[in-house]
Amino acid sequence: MTTLKTWVSVPKDSDFSIYNLPYGIFSLDENTLKVGMAIGKQIVDLSAVADLGLLEVNSFYFRQSTLNEFIGLGKELTNKVRLDVQRLLVLENSPLKNHPEVFIAQREVRMHLPVRIGDYTDFYSSIEHATNVGKMYRDPENALLSNWRHIPVGYHGRASSVVVSGTSIHRPMGQVKQKDASEPTFKASESLDFELEMGFVIGKNTKLGERISTKNAGEHIFGLVLFNDWSARDIQKWEYVPLGPFLGKSFGSSMSPWIVTIEALEPFKVSGPSQQPEVLSYLKCDGNQNYDIQLEVGMAPKDSNETVISTSNFKYMYWNMIQQLAHHTVNGCNVNVGDVMASGTISGKDEKSYGSLLEISWGGKKPFEMKDGSTRTFIEDYDTITMRGFAEKKGVRVGFGEVSGTILPSV
Ligand code: MN
(Lines give C-alpha, C1' and ligand atoms only; values in the text may rest on other atoms or scores of the structure.)
Protein backbone atom coordinates (compact mmCIF):
# COMPACT_ATOMS: atom_id res chain seq x y z
CA MET A 1 0.00 0.00 0.00
CA THR A 2 1.41 3.41 -0.92
CA THR A 3 1.65 5.77 2.01
CA LEU A 4 -0.79 8.65 1.71
CA LYS A 5 -0.67 11.83 3.71
CA THR A 6 -3.57 14.24 3.70
CA TRP A 7 -3.40 17.94 4.52
CA VAL A 8 -6.76 17.62 6.30
CA SER A 9 -6.40 17.12 10.04
CA VAL A 10 -7.33 13.51 10.87
CA PRO A 11 -7.07 12.16 14.44
CA LYS A 12 -4.70 9.19 14.65
CA ASP A 13 -7.37 6.69 15.73
CA SER A 14 -9.99 7.96 13.27
CA ASP A 15 -12.06 5.37 11.38
CA PHE A 16 -12.23 7.83 8.52
CA SER A 17 -8.62 7.94 7.36
CA ILE A 18 -7.46 9.01 3.92
CA TYR A 19 -7.49 5.30 2.98
CA ASN A 20 -11.20 4.95 3.75
CA LEU A 21 -13.36 7.77 2.31
CA PRO A 22 -16.79 6.18 2.79
CA TYR A 23 -19.97 7.54 1.24
CA GLY A 24 -23.01 8.75 3.17
CA ILE A 25 -26.07 11.02 3.05
CA PHE A 26 -26.08 14.08 5.29
CA SER A 27 -28.15 17.20 5.85
CA LEU A 28 -27.58 20.52 7.57
CA ASP A 29 -31.31 21.22 7.53
CA GLU A 30 -34.29 18.92 7.25
CA ASN A 31 -34.89 19.58 3.55
CA THR A 32 -31.49 19.43 1.89
CA LEU A 33 -29.98 15.99 1.73
CA LYS A 34 -26.65 15.51 -0.06
CA VAL A 35 -23.96 12.94 -0.71
CA GLY A 36 -20.85 13.31 1.39
CA MET A 37 -17.60 11.54 2.09
CA ALA A 38 -16.13 11.23 5.57
CA ILE A 39 -12.56 12.31 6.32
CA GLY A 40 -11.49 12.58 9.98
CA LYS A 41 -14.12 14.64 11.79
CA GLN A 42 -15.27 16.30 8.58
CA ILE A 43 -17.48 15.61 5.61
CA VAL A 44 -16.50 16.46 2.05
CA ASP A 45 -19.62 17.86 0.37
CA LEU A 46 -19.31 16.10 -2.98
CA SER A 47 -21.90 18.33 -4.64
CA ALA A 48 -19.69 21.34 -3.88
CA VAL A 49 -16.59 19.55 -5.23
CA ALA A 50 -18.48 18.61 -8.40
CA ASP A 51 -19.69 22.22 -8.79
CA LEU A 52 -16.03 23.28 -8.86
CA GLY A 53 -15.62 21.04 -11.90
CA LEU A 54 -13.21 18.72 -10.09
CA LEU A 55 -15.12 15.47 -10.54
CA GLU A 56 -16.23 13.52 -13.57
CA VAL A 57 -19.72 13.14 -12.13
CA ASN A 58 -22.32 15.90 -12.35
CA SER A 59 -23.34 17.43 -9.02
CA PHE A 60 -26.91 16.25 -9.77
CA TYR A 61 -25.85 12.81 -8.50
CA PHE A 62 -24.71 14.31 -5.21
CA ARG A 63 -27.85 16.37 -4.60
CA GLN A 64 -29.86 13.29 -3.79
CA SER A 65 -31.50 11.90 -0.68
CA THR A 66 -29.97 8.45 -1.26
CA LEU A 67 -26.86 7.03 -2.92
CA ASN A 68 -28.82 4.82 -5.36
CA GLU A 69 -28.45 7.10 -8.40
CA PHE A 70 -24.74 7.58 -7.79
CA ILE A 71 -24.07 3.89 -7.15
CA GLY A 72 -26.06 3.08 -10.31
CA LEU A 73 -23.43 4.92 -12.38
CA GLY A 74 -21.22 1.87 -11.91
CA LYS A 75 -17.95 1.10 -10.20
CA GLU A 76 -15.74 2.60 -12.88
CA LEU A 77 -17.12 6.06 -12.07
CA THR A 78 -17.79 5.66 -8.35
CA ASN A 79 -14.27 4.34 -7.75
CA LYS A 80 -12.86 7.18 -9.82
CA VAL A 81 -14.70 9.76 -7.69
CA ARG A 82 -13.28 8.22 -4.53
CA LEU A 83 -9.74 8.18 -5.90
CA ASP A 84 -10.07 11.72 -7.31
CA VAL A 85 -11.19 13.05 -3.93
CA GLN A 86 -8.37 11.11 -2.27
CA ARG A 87 -5.89 12.80 -4.60
CA LEU A 88 -7.41 16.23 -3.91
CA LEU A 89 -7.03 15.62 -0.17
CA VAL A 90 -3.39 14.62 -0.55
CA LEU A 91 -2.21 17.12 -3.15
CA GLU A 92 0.03 19.85 -1.73
CA ASN A 93 -1.40 22.55 -4.01
CA SER A 94 -4.96 21.17 -3.96
CA PRO A 95 -7.65 23.51 -5.30
CA LEU A 96 -9.82 22.46 -2.33
CA LYS A 97 -7.51 24.40 0.00
CA ASN A 98 -9.14 27.58 -1.31
CA HIS A 99 -12.66 26.24 -0.76
CA PRO A 100 -13.34 25.73 2.94
CA GLU A 101 -17.07 25.61 2.15
CA VAL A 102 -16.53 22.09 0.78
CA PHE A 103 -15.86 20.81 4.33
CA ILE A 104 -18.58 20.41 6.94
CA ALA A 105 -18.06 19.23 10.52
CA GLN A 106 -19.67 15.86 11.18
CA ARG A 107 -21.02 17.06 14.50
CA GLU A 108 -23.10 19.69 12.71
CA VAL A 109 -25.03 17.36 10.43
CA ARG A 110 -27.70 14.76 10.61
CA MET A 111 -26.92 11.48 8.89
CA HIS A 112 -29.60 9.61 6.95
CA LEU A 113 -30.17 6.11 5.66
CA PRO A 114 -27.58 6.01 2.84
CA VAL A 115 -29.59 3.96 0.35
CA ARG A 116 -33.19 3.40 -0.70
CA ILE A 117 -33.42 -0.29 0.19
CA GLY A 118 -35.63 -2.24 -2.18
CA ASP A 119 -34.96 -5.58 -0.57
CA TYR A 120 -33.23 -6.73 2.56
CA THR A 121 -31.98 -10.28 3.09
CA ASP A 122 -30.51 -11.64 6.31
CA PHE A 123 -28.14 -14.60 6.23
CA TYR A 124 -27.20 -16.93 9.07
CA SER A 125 -23.57 -17.51 8.17
CA SER A 126 -21.64 -17.81 11.44
CA ILE A 127 -21.17 -21.46 12.35
CA GLU A 128 -20.59 -20.56 15.99
CA HIS A 129 -23.87 -18.58 16.18
CA ALA A 130 -25.89 -21.23 14.34
CA THR A 131 -24.44 -23.92 16.61
CA ASN A 132 -25.19 -21.96 19.79
CA VAL A 133 -28.79 -21.27 18.72
CA GLY A 134 -29.24 -24.91 17.67
CA LYS A 135 -28.03 -26.06 21.08
CA MET A 136 -30.53 -23.81 22.86
CA TYR A 137 -33.58 -24.11 20.62
CA ARG A 138 -33.20 -27.71 19.44
CA ASP A 139 -30.85 -30.60 20.14
CA PRO A 140 -27.45 -29.95 21.79
CA GLU A 141 -26.14 -33.15 20.19
CA ASN A 142 -27.17 -32.15 16.66
CA ALA A 143 -27.11 -28.39 16.92
CA LEU A 144 -26.44 -27.68 13.23
CA LEU A 145 -29.23 -28.68 10.88
CA SER A 146 -28.16 -31.01 8.07
CA ASN A 147 -28.39 -28.33 5.36
CA TRP A 148 -26.26 -25.73 7.16
CA ARG A 149 -22.82 -26.66 5.78
CA HIS A 150 -24.24 -26.92 2.24
CA ILE A 151 -26.38 -23.77 1.98
CA PRO A 152 -25.72 -20.18 3.10
CA VAL A 153 -29.06 -20.16 4.95
CA GLY A 154 -31.00 -16.90 4.88
CA TYR A 155 -34.46 -15.34 4.92
CA HIS A 156 -36.08 -12.39 3.18
CA GLY A 157 -36.27 -9.59 5.71
CA ARG A 158 -38.28 -6.40 5.76
CA ALA A 159 -36.71 -3.36 4.04
CA SER A 160 -39.32 -0.84 5.26
CA SER A 161 -38.11 -1.00 8.86
CA VAL A 162 -34.37 -0.66 8.25
CA VAL A 163 -33.34 2.61 9.92
CA VAL A 164 -30.16 4.64 10.26
CA SER A 165 -28.04 4.71 13.40
CA GLY A 166 -29.46 6.95 16.10
CA THR A 167 -33.08 6.00 15.47
CA SER A 168 -34.86 4.73 18.59
CA ILE A 169 -36.83 1.50 18.44
CA HIS A 170 -39.95 0.75 20.45
CA ARG A 171 -40.08 -2.57 22.22
CA PRO A 172 -42.31 -4.71 20.01
CA MET A 173 -45.64 -6.18 21.08
CA GLY A 174 -46.46 -9.64 19.88
CA GLN A 175 -47.68 -13.13 20.41
CA VAL A 176 -45.60 -15.26 22.73
CA LYS A 177 -46.12 -18.64 24.28
CA GLN A 178 -44.64 -19.01 27.71
CA LYS A 179 -42.93 -22.22 28.66
CA ASP A 180 -45.66 -24.07 30.53
CA ALA A 181 -48.63 -22.21 29.08
CA SER A 182 -51.07 -24.08 26.86
CA GLU A 183 -52.10 -20.94 24.94
CA PRO A 184 -50.15 -17.94 23.63
CA THR A 185 -50.59 -14.42 25.03
CA PHE A 186 -50.23 -10.94 23.51
CA LYS A 187 -47.65 -8.81 25.30
CA ALA A 188 -44.52 -6.71 25.07
CA SER A 189 -41.44 -8.75 24.26
CA GLU A 190 -39.50 -9.72 27.38
CA SER A 191 -36.43 -11.01 25.60
CA LEU A 192 -35.41 -8.22 23.31
CA ASP A 193 -32.00 -8.75 21.73
CA PHE A 194 -29.52 -7.33 19.23
CA GLU A 195 -27.57 -9.22 16.58
CA LEU A 196 -24.06 -7.99 15.74
CA GLU A 197 -23.89 -8.17 11.94
CA MET A 198 -22.34 -6.52 8.92
CA GLY A 199 -24.35 -5.77 5.80
CA PHE A 200 -23.29 -5.29 2.21
CA VAL A 201 -24.96 -2.98 -0.28
CA ILE A 202 -25.60 -4.16 -3.82
CA GLY A 203 -23.83 -1.99 -6.40
CA LYS A 204 -25.05 -3.43 -9.71
CA ASN A 205 -28.43 -4.69 -10.88
CA THR A 206 -29.07 -8.11 -12.35
CA LYS A 207 -31.94 -9.16 -14.57
CA LEU A 208 -34.54 -11.68 -13.51
CA GLY A 209 -33.19 -15.08 -14.48
CA GLU A 210 -29.55 -14.00 -14.32
CA ARG A 211 -27.10 -15.72 -11.96
CA ILE A 212 -24.09 -14.06 -10.30
CA SER A 213 -21.10 -16.38 -10.20
CA THR A 214 -18.59 -16.36 -7.36
CA LYS A 215 -16.11 -15.00 -9.94
CA ASN A 216 -18.25 -11.93 -10.69
CA ALA A 217 -19.88 -11.38 -7.31
CA GLY A 218 -17.32 -8.75 -6.24
CA GLU A 219 -18.48 -6.43 -9.04
CA HIS A 220 -21.96 -6.39 -7.50
CA ILE A 221 -20.87 -5.35 -4.01
CA PHE A 222 -20.63 -1.59 -3.50
CA GLY A 223 -19.64 -1.56 0.15
CA LEU A 224 -20.29 -2.55 3.74
CA VAL A 225 -22.01 -1.19 6.84
CA LEU A 226 -22.45 -2.23 10.46
CA PHE A 227 -25.84 -3.79 10.97
CA ASN A 228 -27.94 -4.51 14.06
CA ASP A 229 -30.72 -7.01 13.47
CA TRP A 230 -32.89 -6.29 16.56
CA SER A 231 -34.62 -9.51 17.55
CA ALA A 232 -37.50 -10.35 19.92
CA ARG A 233 -36.54 -13.86 20.99
CA ASP A 234 -39.85 -14.76 22.66
CA ILE A 235 -41.87 -13.71 19.59
CA GLN A 236 -39.35 -15.42 17.30
CA LYS A 237 -39.39 -18.68 19.24
CA TRP A 238 -43.16 -19.11 18.92
CA GLU A 239 -43.49 -18.01 15.29
CA TYR A 240 -40.40 -19.31 13.49
CA VAL A 241 -41.56 -22.84 12.69
CA PRO A 242 -41.90 -23.71 9.81
CA LEU A 243 -41.21 -20.59 7.70
CA GLY A 244 -38.55 -18.78 9.71
CA PRO A 245 -38.28 -15.32 11.26
CA PHE A 246 -41.16 -12.87 10.80
CA LEU A 247 -42.47 -10.34 13.37
CA GLY A 248 -39.71 -11.14 15.84
CA LYS A 249 -37.35 -9.34 13.42
CA SER A 250 -39.33 -6.92 11.25
CA PHE A 251 -39.99 -4.26 13.91
CA GLY A 252 -36.60 -2.67 13.19
CA SER A 253 -33.03 -3.14 11.96
CA SER A 254 -30.36 -0.47 12.26
CA MET A 255 -27.44 0.33 9.99
CA SER A 256 -24.43 2.62 10.20
CA PRO A 257 -24.63 5.74 7.99
CA TRP A 258 -21.29 5.47 6.16
CA ILE A 259 -20.85 2.87 3.42
CA VAL A 260 -17.23 1.73 3.37
CA THR A 261 -16.39 0.67 -0.17
CA ILE A 262 -15.29 -2.88 -0.83
CA GLU A 263 -12.21 -1.37 -2.51
CA ALA A 264 -11.19 0.39 0.74
CA LEU A 265 -11.39 -2.98 2.51
CA GLU A 266 -9.27 -4.86 -0.04
CA PRO A 267 -6.04 -4.70 2.09
CA PHE A 268 -7.83 -6.44 4.96
CA LYS A 269 -8.83 -9.63 3.14
CA VAL A 270 -8.00 -12.88 4.94
CA SER A 271 -8.81 -16.54 4.43
CA GLY A 272 -12.00 -17.90 5.95
CA PRO A 273 -12.59 -21.09 7.93
CA SER A 274 -12.12 -24.30 5.95
CA GLN A 275 -15.45 -25.55 4.63
CA GLN A 276 -16.18 -29.22 5.23
CA PRO A 277 -17.76 -31.03 3.49
CA GLU A 278 -16.72 -29.51 0.19
CA VAL A 279 -19.31 -27.06 -1.14
CA LEU A 280 -21.10 -27.48 -4.48
CA SER A 281 -19.21 -26.04 -7.41
CA TYR A 282 -21.38 -22.88 -7.78
CA LEU A 283 -20.30 -21.93 -4.24
CA LYS A 284 -16.57 -22.48 -4.72
CA CYS A 285 -14.44 -19.35 -4.79
CA ASP A 286 -10.76 -18.52 -5.14
CA GLY A 287 -8.53 -16.47 -2.91
CA ASN A 288 -9.14 -14.80 0.42
CA GLN A 289 -12.78 -13.77 0.71
CA ASN A 290 -13.11 -12.96 4.40
CA TYR A 291 -12.27 -9.60 5.97
CA ASP A 292 -10.42 -8.92 9.20
CA ILE A 293 -12.75 -6.36 10.76
CA GLN A 294 -12.68 -5.98 14.54
CA LEU A 295 -16.12 -5.54 16.05
CA GLU A 296 -17.49 -4.63 19.45
CA VAL A 297 -20.86 -4.15 21.09
CA GLY A 298 -21.44 -1.69 23.92
CA MET A 299 -24.51 -1.57 26.14
CA ALA A 300 -25.41 1.51 28.17
CA PRO A 301 -28.31 1.87 30.61
CA LYS A 302 -30.05 5.27 30.66
CA ASP A 303 -27.70 8.05 31.89
CA SER A 304 -24.99 5.52 32.68
CA ASN A 305 -21.64 4.35 31.34
CA GLU A 306 -21.36 1.83 28.59
CA THR A 307 -20.11 -1.72 29.16
CA VAL A 308 -18.48 -3.51 26.23
CA ILE A 309 -20.26 -6.86 26.22
CA SER A 310 -18.87 -8.45 23.04
CA THR A 311 -15.74 -8.27 20.89
CA SER A 312 -15.93 -10.25 17.68
CA ASN A 313 -14.48 -10.22 14.17
CA PHE A 314 -16.06 -10.40 10.70
CA LYS A 315 -13.34 -12.87 9.66
CA TYR A 316 -15.05 -15.65 11.63
CA MET A 317 -17.85 -15.98 9.04
CA TYR A 318 -18.16 -19.50 7.63
CA TRP A 319 -19.92 -18.34 4.46
CA ASN A 320 -18.46 -15.25 2.78
CA MET A 321 -20.32 -12.49 0.91
CA ILE A 322 -19.31 -13.85 -2.51
CA GLN A 323 -20.91 -17.19 -1.68
CA GLN A 324 -23.98 -15.52 -0.19
CA LEU A 325 -24.54 -13.52 -3.37
CA ALA A 326 -23.90 -16.48 -5.68
CA HIS A 327 -26.36 -18.53 -3.67
CA HIS A 328 -28.95 -15.74 -3.50
CA THR A 329 -29.08 -15.47 -7.30
CA VAL A 330 -28.51 -19.12 -8.26
CA ASN A 331 -32.24 -19.57 -8.88
CA GLY A 332 -32.40 -16.46 -11.07
CA CYS A 333 -33.60 -14.08 -8.35
CA ASN A 334 -32.61 -10.56 -9.40
CA VAL A 335 -30.88 -8.03 -7.14
CA ASN A 336 -30.93 -4.24 -7.37
CA VAL A 337 -28.69 -1.33 -6.46
CA GLY A 338 -29.33 -0.45 -2.82
CA ASP A 339 -30.44 -3.91 -1.71
CA VAL A 340 -28.90 -4.82 1.63
CA MET A 341 -27.69 -8.30 2.55
CA ALA A 342 -26.76 -8.84 6.18
CA SER A 343 -24.30 -11.46 7.33
CA GLY A 344 -26.13 -13.02 10.23
CA THR A 345 -24.92 -12.72 13.82
CA ILE A 346 -21.13 -12.68 13.95
CA SER A 347 -20.05 -14.90 16.83
CA GLY A 348 -16.64 -16.41 17.46
CA LYS A 349 -15.65 -19.51 19.43
CA ASP A 350 -14.90 -17.63 22.63
CA GLU A 351 -17.84 -16.61 24.89
CA LYS A 352 -16.58 -13.01 24.85
CA SER A 353 -17.11 -12.95 21.08
CA TYR A 354 -20.77 -13.96 21.08
CA GLY A 355 -22.75 -11.53 18.93
CA SER A 356 -26.16 -11.65 20.64
CA LEU A 357 -27.58 -11.58 24.17
CA LEU A 358 -29.27 -14.90 23.44
CA GLU A 359 -25.79 -16.40 23.43
CA ILE A 360 -24.15 -14.10 26.00
CA SER A 361 -26.85 -14.83 28.62
CA TRP A 362 -27.39 -18.33 27.22
CA GLY A 363 -31.10 -17.97 26.63
CA GLY A 364 -31.54 -15.77 29.70
CA LYS A 365 -30.09 -18.36 32.08
CA LYS A 366 -26.81 -16.53 32.76
CA PRO A 367 -27.30 -12.89 33.81
CA PHE A 368 -24.23 -10.71 33.38
CA GLU A 369 -23.09 -7.63 35.23
CA MET A 370 -22.80 -4.13 33.83
CA LYS A 371 -20.29 -1.46 34.91
CA ASP A 372 -22.96 0.36 36.94
CA GLY A 373 -23.64 -2.79 38.99
CA SER A 374 -26.95 -3.61 37.32
CA THR A 375 -27.45 -6.98 35.64
CA ARG A 376 -28.93 -7.97 32.30
CA THR A 377 -30.08 -11.00 30.40
CA PHE A 378 -31.86 -9.12 27.60
CA ILE A 379 -32.33 -5.44 26.71
CA GLU A 380 -34.27 -3.21 29.11
CA ASP A 381 -36.15 -0.05 28.22
CA TYR A 382 -33.86 2.96 27.60
CA ASP A 383 -30.78 0.77 27.13
CA THR A 384 -28.60 1.90 24.23
CA ILE A 385 -26.78 -0.63 22.07
CA THR A 386 -23.80 0.63 20.08
CA MET A 387 -21.78 -1.44 17.61
CA ARG A 388 -18.39 -0.36 16.26
CA GLY A 389 -16.03 -1.85 13.74
CA PHE A 390 -12.72 -1.16 12.05
CA ALA A 391 -9.92 -2.86 10.14
CA GLU A 392 -6.31 -1.99 10.87
CA LYS A 393 -3.05 -3.12 9.34
CA LYS A 394 0.42 -1.56 9.42
CA GLY A 395 -0.92 1.66 10.87
CA VAL A 396 -3.65 2.01 8.25
CA ARG A 397 -7.13 2.15 9.71
CA VAL A 398 -10.39 1.85 7.82
CA GLY A 399 -13.44 1.93 10.06
CA PHE A 400 -17.19 2.15 10.05
CA GLY A 401 -17.97 4.56 12.87
CA GLU A 402 -20.92 3.13 14.73
CA VAL A 403 -24.49 1.96 14.62
CA SER A 404 -26.39 2.89 17.74
CA GLY A 405 -29.97 2.63 18.90
CA THR A 406 -31.98 3.08 22.10
CA ILE A 407 -34.91 0.90 23.07
CA LEU A 408 -38.04 2.78 24.14
CA PRO A 409 -41.07 1.28 25.89
CA SER A 410 -43.81 -0.34 23.82
CA VAL A 411 -46.52 1.84 22.33
MN1 MN B 1 -29.89 -11.77 11.95
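Here the structure is a predicted model, which is why all the values come from computation and not from measurement. What you see as residue numbers is a count from 1 along each chain, following the sequence as written. Side-chain atom pairs in this predicted model are given and counted only at pLDDT of 80 or more, local residue features only at pLDDT of at least 70, and totals for whole chains, interfaces and linings cover all residues. Excluding hydrogens and water, the side-chain values take into account all heavy atoms of the structure.

**Some points on the overall build of the protein**
Part 1 of the argument: Helix numbers and strand numbers start at the N terminus; a helix is a DSSP run of H or I with at least 4 residues, a strand a run of E with at least 2. What the protein contains, in helices and strands, is seven helices and 26 strands.
Part 2 of the argument: The atom set for the radius of gyration is the C-alpha atoms, and the globule formula is 2.2 Å times the number of residues raised to the power 0.38. A compact globule built from 411 residues would reach a C-alpha radius of gyration of about 22 Å, and the protein, at 21 Å, matches this within 12%.
Part 3 of the argument: Principal axes of the C-alpha set define a box for the protein whose edges measure 70 × 55 × 40 Å.
Part 4 of the argument: Partly exposed describes any residue whose relative accessible area lies between the buried limit of under 20% and the exposed limit of over 50%, with all areas from a 1.4 Å probe on protein chains only and scaled to the type maximum. Relative to its 411 residues, the protein shows a buried fraction of 54%.
Part 5 of the argument: Residue contacts are counted whenever heavy atoms from the two residues lie within 4.5 Å of one another. For the protein, long-range pairs separated by at least 24 residues make up 72% of all intrachain contacts whose partners lie at least 6 apart in sequence.

**Points about the coordination of the manganese ion**
Reference values for angles at a metal are 109.5 degrees in the four-donor tetrahedral case and 90 or 180 degrees in the six-donor octahedral case.
Part 1 of the argument: Metal coordination here is assigned from N, O and S atoms located within 2.8 Å of the ion, or within 3.2 Å for Na, K and Ca; omission of water means that sites may look incomplete. Taken together, the protein ligands of the manganese ion are Asp122 (OD), Glu195 (OE), Glu197 (OE) and Asp229 (OD), with distances of 2.1 to 2.2 Å.
Part 2 of the argument: Written as a sequence motif, the donor residues of the manganese ion are D-x72-E-x1-E-x31-D. With Asp122 in strand β6 (residues 120-123) and Glu197 in strand β13 (residues 196-202), this pair connects stretches of sequence that are 75 residues apart.
Part 3 of the argument: Owing to a relative accessible area of 2%, Asp122 belongs among the buried residues under this scheme.

**A closer look at the sheet that holds strand β3 (residues 42-45)**
Part 1 of the argument: Strands were regarded as paired on the criterion that DSSP finds at least two bridges between them. One open sheet accounts for five strands, arranged β4-β3-β2-β1-β5; its pairing is antiparallel. If you trace the sheet from one side to the other, it starts and ends with β4 (103-105) and β5 (110-112), each paired once. In this sheet, neighbouring strand axes are inclined to one another by 50° on average, regardless of whether the strands run parallel or antiparallel.
Part 2 of the argument: Sheet topology note: the β3/β4 ladder contains three bridges and is antiparallel. Paired with Ile43 across the bridge in β4 is Ile104. Every axis in this analysis is a line fitted to C-alpha atoms, fitted for helices over the stretch in contact. Angles between the N-to-C directions lie between 0 and 180 degrees.

**Focus: the confidence of the model for the protein**
Part 1 of the argument: Taken residue by residue, the protein gives an average pLDDT of 97. The fraction at 70 or more is 100%.
Part 2 of the argument: Confidence scores labelled pLDDT are given residue by residue by the predictor and lie between 0 and 100. Confidence scores differ between elements of the protein, with helix α4 (residues 127-137) showing the lowest mean pLDDT of 95 and strand β14 (residues 221-228) the highest of 99.

**Section: the environment of Ile43**
Part 1 of the argument: Relative to the assigned elements, Ile43 resides in strand β3.
Part 2 of the argument: On the accessibility criterion, Ile43 (0% relative accessible area) is buried.
Part 3 of the argument: Sequence-wise, Ile43 and Phe103 are 60 residues apart; in three dimensions their C-alpha atoms are separated by 5.6 Å.
Part 4 of the argument: Not counting residues up to four positions away in its chain, the partners in contact with Ile43 are Phe26, Gly36, Met37, Val102, Phe103, Ile104, Gln106, Val109, Met111 and Trp258.

**What to know about the domain arrangement of the protein**
Part 1 of the argument: On domain assignment, one finds that the protein holds domain 1 (23-112) and domain 2 (120-408).
Part 2 of the argument: Residue ranges assigned to the domains are those given by an automatic or database domain assignment. Centre-to-centre separation of domain 1 and domain 2, based on C-alpha positions: 30 Å.
Part 3 of the argument: For any pair of parts, buried area is found by adding up, for both, the accessible area (1.4 Å probe) each one loses once the two are put together. Summed over both partners, the interface of domain 1 with domain 2 comes to about 1,300 Å²; 66% of that surface belongs to carbon and sulfur atoms.
Part 4 of the argument: Each salt bridge in this description consists of a side-chain nitrogen of Lys or Arg and a carboxyl oxygen of Asp or Glu lying within 4 Å of one another. Scanning the region where domain 1 abuts domain 2 turns up one salt bridge.
Part 5 of the argument: Here Lys75 and Glu263 are joined by a salt bridge, their closest N and O atoms 2.7 Å apart.
Part 6 of the argument: Whenever two N or O atoms come within 3.5 Å, that pair is a polar contact, provided that in protein one can donate a hydrogen and the other can accept it, and provided that, for residues adjacent in sequence, both atoms are side-chain atoms. Linking domain 1 with domain 2 are five residue pairs in polar contact (both at pLDDT 80 or more).
Part 7 of the argument: Considering every element that reaches the side of domain 1 that touches domain 2, the biggest residue donor is helix α3 (residues 75-90), with four residues.

**Concerning the sheet that holds strand β20 (residues 294-300)**
As a general point, the strands of a sheet are linked pairwise by backbone hydrogen bonds and lie either parallel or antiparallel.
Part 1 of the argument: With respect to topology, five strands assemble into an open sheet ordered β9-β26-β25-β20-β21, the strand pairing being mixed. Edge positions in the sheet fall to β9 (169-170) and β21 (307-313), since each has one partner strand and no second.
Part 2 of the argument: Where β9 and strand β26 (residues 396-408) come together, two bridges link them in parallel fashion. Directly across from Ile169, in β26, lies its bridge partner Ile407.

**Points about the environment of Gly272**
Part 1 of the argument: Structurally, Gly272 can be placed in the loop between β18 (269-270) and β19 (290-291).
Part 2 of the argument: Residue class for Gly272 comes out partly exposed when judged on its relative accessible area of 33%.
Part 3 of the argument: Taking the C-alpha atoms as reference points, Gly272 and Asp292, 20 residues apart in sequence, are found 9.7 Å from one another.

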